[in-house]
Amino acid sequence: MSYTNIIRSSEVPAGEMRAVTIGKRKLMVVNVDGRFYVADRKCPHFGVNLCRGKLEGETVMCPLHRARFDLNSGEVLRDPHILFMDLNIRGGLRTYPVQIEGDKVMSDIGEA
Ligand code: FES
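Note that the structure is a prediction, hence the values are computed from the model and not measured.

Scoring rules and cut-offs
Residues numbered from 1 in each chain as written. Predicted model: local features only at pLDDT ≥ 70, side-chain atom pairs only at ≥ 80, totals over all residues. Heavy atoms only, no water. Pairing = 2+ DSSP bridges. Helix = DSSP H or I, 4+ residues; strand = E, 2+ residues; numbered from the N terminus. Axes fitted to C-alpha atoms, helices over the stretch in contact; angles between N-to-C directions. Buried < 20%, exposed > 50% of the residue type's maximum accessible area, 1.4 Å probe, protein only. Contact = heavy atoms within 4.5 Å. Polar contact = N/O pair within 3.5 Å; in protein donor to acceptor, adjacent residues only side chain to side chain. Salt bridge = Lys/Arg side-chain N within 4 Å of Asp/Glu carboxyl O.

## Describing the sheet that holds strand β13 (residues 104-107)
Pairing is antiparallel across the open sheet formed by three strands, whose spatial order is β1-β13-β12. At either margin of the open sheet sits one strand with a lone partner, and together these are β1 (4-8) and β12 (98-101). Pairwise comparison of adjacent strand axes, ignoring direction, gives a mean angle of 35° for this sheet.

Set out below in structure tokens:
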């Protein structure tokens, strides 16, 4: 694995999300009670910025159609909902392994 420096941990207070762009990757960094998560920040449904969504425990809810994703696995925990329709998302949210080195949040995001 090859870890890249994503952000300083002090820049992401507990309970908050930050948008970070590394090369072509548009990422979000999430701090849940001192545990950090790195994931794509575009919702896999329509590409909305998930940093504008709602954090609840280790999950994030998309602000547009309220799909909910597990930040550990990227699994879809709740499908998008439009009016009275539940829709499906193919695949889930892409998440990346995280490693903390001092004040650095490092992640293996592959080719940026
Ligand atoms: S854009 Fe995120 S659930 Fe539709």
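Alright, that's what it looks like, and here's the rest.
## Here's the deal with the environment of T21
Along the chain, the position of T21 falls in strand β2 (residues 17-22). Classification of T21 as partly exposed rests on a relative accessible area of 42%. As a C-alpha pair, T21 and I89 span 68 residues in sequence and 24 Å in three-dimensional space. Setting aside chain neighbours within four positions, we find T21 in contact with K26 and R41. Here the side chain of T21 touches R41 through a polar contact of 3.3 Å, side chain to side chain.

## Focus: the pattern of salt bridges
Tallied over the entire structure, the rule returns six salt bridges. Linking D103 and R8 is a salt bridge whose minimum nitrogen-to-oxygen distance equals 3.8 Å. Of this pair, D103 sits in the loop between β12 and β13 while R8 sits in strand β1; the two residues are 95 residues apart in sequence, bridging distant segments of the chain. Residue classification places D103 among the partly exposed residues on the basis of a relative accessible area of 30%. Classification of R8 as partly exposed rests on a relative accessible area of 47%. One salt bridge in this structure joins R68 and E56, with 3.7 Å as the shortest N-O distance. Here R68 is found in strand β7 (residues 68-70), whereas its partner E56 is found in strand β5 (residues 54-56), with twelve residues between them in sequence. For R68, a relative accessible area of 13% puts it in the buried group. Accessibility expressed as a relative area gives 43% for E56, which makes it partly exposed. Among the charged side chains, a salt-bridge network with shared partners connects R8, E11 and D103.

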